[in-house]
Amino acid sequence: MGIKLEWEKLLAEGRVRESSTQKYAKMNIDDPFYDHRNEFDKDYDRIVYSSSVRRLQDKAQVFPLQENDFTRTRLTHSIEASALARSFGYAVGEWLLETREFKDFSQIRKLSAMLQVAALIHDLGNPPFGHYGESIIREWFSKLFNTEEFKSINMSCDGEKELSNEEKKDFILFEGNAQTLRIVSKLQMLNDEYGVNFTFGTLATIMKYPWNSQNELADSKKKFGYFLSEKELAKKIFEATGIQEGIKHPATYLLEASDDIAYLNADIEDGVKKGIIPWEKEYNLIKTKLMEADKETYEYIFKTLDSIKEKSQEKGIPNDDLIAVQNFKIFSQGLMFKSVVKCFKDNYTEIMCGEFSGDLLEKTNCKLLVEELKRLAGKYCFSNKEVIALELVGDNVINGLLDKFVIPLIKCKAEPKSKTYEGKIYSLFSNNFIYICLHDTGYEGHQKDFAETSIYERLLLVTDYISGMTDSYAVNLYKQLIGVRLP
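Residues numbered from 1 in each chain as written. Predicted model: local features only at pLDDT ≥ 70, side-chain atom pairs only at ≥ 80, totals over all residues. Heavy atoms only, no water.

Asks: Sorry if this is basic, but what is going on with unusual backbone geometry here?
Replies: Notably, Arg-100 is not glycine yet its phi reads approximately 65°, a positive angle. Here Arg-100 is to be found in the loop between helix H4 (74-98) and helix H5 (105-121). Within the chain, Asn-197 stands out as a residue other than glycine whose phi angle is a positive 55°. A residue is classified by how much of its surface remains accessible, and Asn-197, at 3% relative accessible area, is buried. (Helix = DSSP H or I, 4+ residues; strand = E, 2+ residues; numbered from the N terminus. Buried < 20%, exposed > 50% of the residue type's maximum accessible area, 1.4 Å probe, protein only.)

Structure follows, in structure tokens:
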């Protein structure tokens with residue numbers, strides 16, 4: 001592709017709006033206002049206290065609406081992924097310093113901090129009920145755009161207010177990753193329209209799919225990294241970091257590996273805790289299959305795990321299925337981590353030239369282990385009756401909320417009044433979301449009346465609101481709106 005990514009640009013510490021705290025980094029270390037943090041540390045500190053992160057504690061990882069305190073939520077998953085990502089930063093960063101790709105230890109710290117915050121926020125844009133929630137939103141809009149009612153509303157709009165075919169794709173292919181970028185760059189507001197005003201390096205790292213919904217990759221992969229509303233921001237990210245449309249930031253590969261390693265093992269542990277995975281039976285099957293396929297890689301791990309169990313039994317220490325699967329998780333994650341680091345090193349040239357495809361974990365000697373863990377999750381967790389039943393609840397809830405919100409708002413010809421139905425719906429939205437809706441797409445836009453907003457901006461307002469809901473909030477709000485539960 002004729003490019004060569006450079007770490008000086010990839011670790012881009014600039015922001016859309018220059019931060020007032022950046023001047024402190026230039027001070028002498030003896031100055032009382034000197035800030036010891038790098039810009040990526042500041043990114044982490046900006047977001048970790050936010051409502052967007054807190055909401056993850058009530059968003060499902062695999063099992064929605066759990067009443068126990070053991071099963072993982074999106075928050076606990078994100079914390080675990082963040083810890084792995086930070087370690088990847090140090091492991092890879094030390095190698096980059098040894099090979100003189102990095103010039104000093106400060107760059108190792110920057111890479112580690114950038115990965116830590118990227119992993120913490122990577123799921124912020126996921127709607128209620130996880131990836132199934134994304135599918136519900138996509139299907140709902142696909143049906144809406146084919147209805148005569150919508151076509152009539154759209155055709156009656158003036159000029160730029162009409163929803164274009166390009167804009168429709170943002171909703172037909174609705175993507176939580178693109179919503180994450182929107183949250184941190186706009187919606188998680190404090191003092192202005194720049195959201196938490198993250199560094200370009202962090203924004204580039206969370207862009208797992210660096211293309212928009214118009215790119216042919218969006219059609220083939222059913223994934224994209226930014227909405228048309230963030231098109232200008234994406235250009236700034238590309239320019240600041242050196243990545244291009246279709247070419248990921250190298251740290252993104254490590255972010256994806258952190259995410260995969262965290263959920264692959266944790267989903268199985270949660271399944272064992274809930275009593276739906278017969279661990280001893282499945283452990284023996286996995287051991288037999290992996291030992292036959294690659295004894296050199298797995299012999300030490302299984303010998304050690306069996307030895308731990310035997311010693312526990314001799315000492316009378318409890319070693320039930322949960323403890324056994326937790327020990328397995330430790331060794332499994334360790335093997336995957338080391339294998340990913342090696343894979344990154346082996347493919348470094350291709351990664352830095354934008355020629356690497358796929359993900360790191362699938363190209364390691366852990367591929368069969370990954371397949372086995374996915375098999376277990378598919379067989380026992382995702383097909384579990386409780387999960388399926390709660391996903392069907394999610395289907396009713398999200399479809400119902402979209403039914404209540406969308407048509408009334410896009411039909412509205414004037415400022416929504418509190419006494420009207422659409423006015424009451426409008427009053428439910430966050431002031432932050434309304435503020436962004438009432439500004440032209442882009443950062444220098446003027447505020448306008450709701451009547452001046454386009455259908456695209458109104459649909460974004462609805463998806464901003466619904467995708468930001470927790471599972472419980474979405475269910476409770478839906479119950480209130482249909483009269484099953486009083487506010």
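Asks: Got a minute to help me understand the environment of Glu-245 in this structure?
Replies: As for its placement among the helices and strands, Glu-245 is situated in the loop between helix H12 (231-241) and helix H13 (250-273). Each C-alpha atom, one on Glu-245 and one on Ala-234, is 9.1 Å from the other, the two residues being eleven residues apart in sequence. Filtering out sequence-adjacent residues up to four positions away, Glu-245 remains in contact with Pro-210, Trp-211, Asn-212, Asn-215, Tyr-226 and Phe-238. For Glu-245, the side chain forms a polar contact with the main-chain nitrogen of Asn-212, separated by 3.4 Å. (Contact = heavy atoms within 4.5 Å. Polar contact = N/O pair within 3.5 Å; in protein donor to acceptor, adjacent residues only side chain to side chain.)

Asks: I would appreciate a short explanation of the side chain of Gln-116 in the present structure.
Replies: Take Gln-116: it is sitting in helix H5. The buried category is assigned to Gln-116, whose relative accessible area is 17%. Setting aside residues up to four positions removed in sequence, Gln-116 forms contacts with Tyr-44, Ser-82, Ala-85 and Arg-86.

Asks: Where do I start with helix H2 (residues 39-47) in this structure?
Replies: At 3.6 residues per turn, the α-helix brings residues three or four places apart onto the same side. Within H2 the residues assigned to the buried category are Glu-39, Phe-40, Asp-41, Lys-42, Asp-43 and Ile-47. Close packing links the buried residues of H2 with helix H3 (51-55), H5, helix H9 (176-187) and helix H10 (200-206). If you check the start of H2, you find a side-chain oxygen 2.9 Å away from the backbone N of Phe-40, and it comes from Asn-38.

Asks: Looking at this structure, how should I read the nonpolar core?
Replies: Soluble globular proteins tend to bury their nonpolar side chains together. Within the largest apolar cluster, 150 residues are counted, with the highest numbers of intra-cluster contacts made by Ile-47, Leu-111, Phe-141 and Trp-279. It is helix H16 (residues 321-346) that contributes the most residues to this core, eleven residues altogether. Residues within four places of Leu-111 in sequence aside, it is in contact with Trp-7, Leu-11, Gly-89, Val-92, Gly-93, Leu-96, Phe-102 and Ala-251. (Core = buried A, V, L, I, M, F, W, Y, C linked by side-chain atoms within 4.5 Å.)

Asks: What is the right way to look at the packing of H2 against H5 in this model?
Replies: Two packed helices can be described by the angle between their axes and the distance between those axes. The interhelical angle for the contact between H2 and H5, taken along N-to-C directions, is 25°, at an axis separation of 8 Å. The pairing of H2 with H5 is recorded here as roughly parallel in orientation. Read as a crossing pair, H2 and H5 show a hand that is left-handed. Between H2 and H5, the residues in contact are Phe-40, Asp-41, Asp-43, Tyr-44 and Ile-47 and Arg-109, Lys-110, Ala-113, Met-114, Gln-116, Val-117, Leu-120 and Ile-121, respectively. By residue class, the composition of the contact of H2 with H5 is eight nonpolar, one polar and four charged. (Axes fitted to C-alpha atoms, helices over the stretch in contact; angles between N-to-C directions. Parallel < 35°, antiparallel > 145°, perpendicular 65-115°, else oblique. Left-handed = near helix turned anticlockwise from the far one by under 90°. Nonpolar A, V, L, I, M, F, W, Y, C, P; charged D, E, K, R; others polar.)

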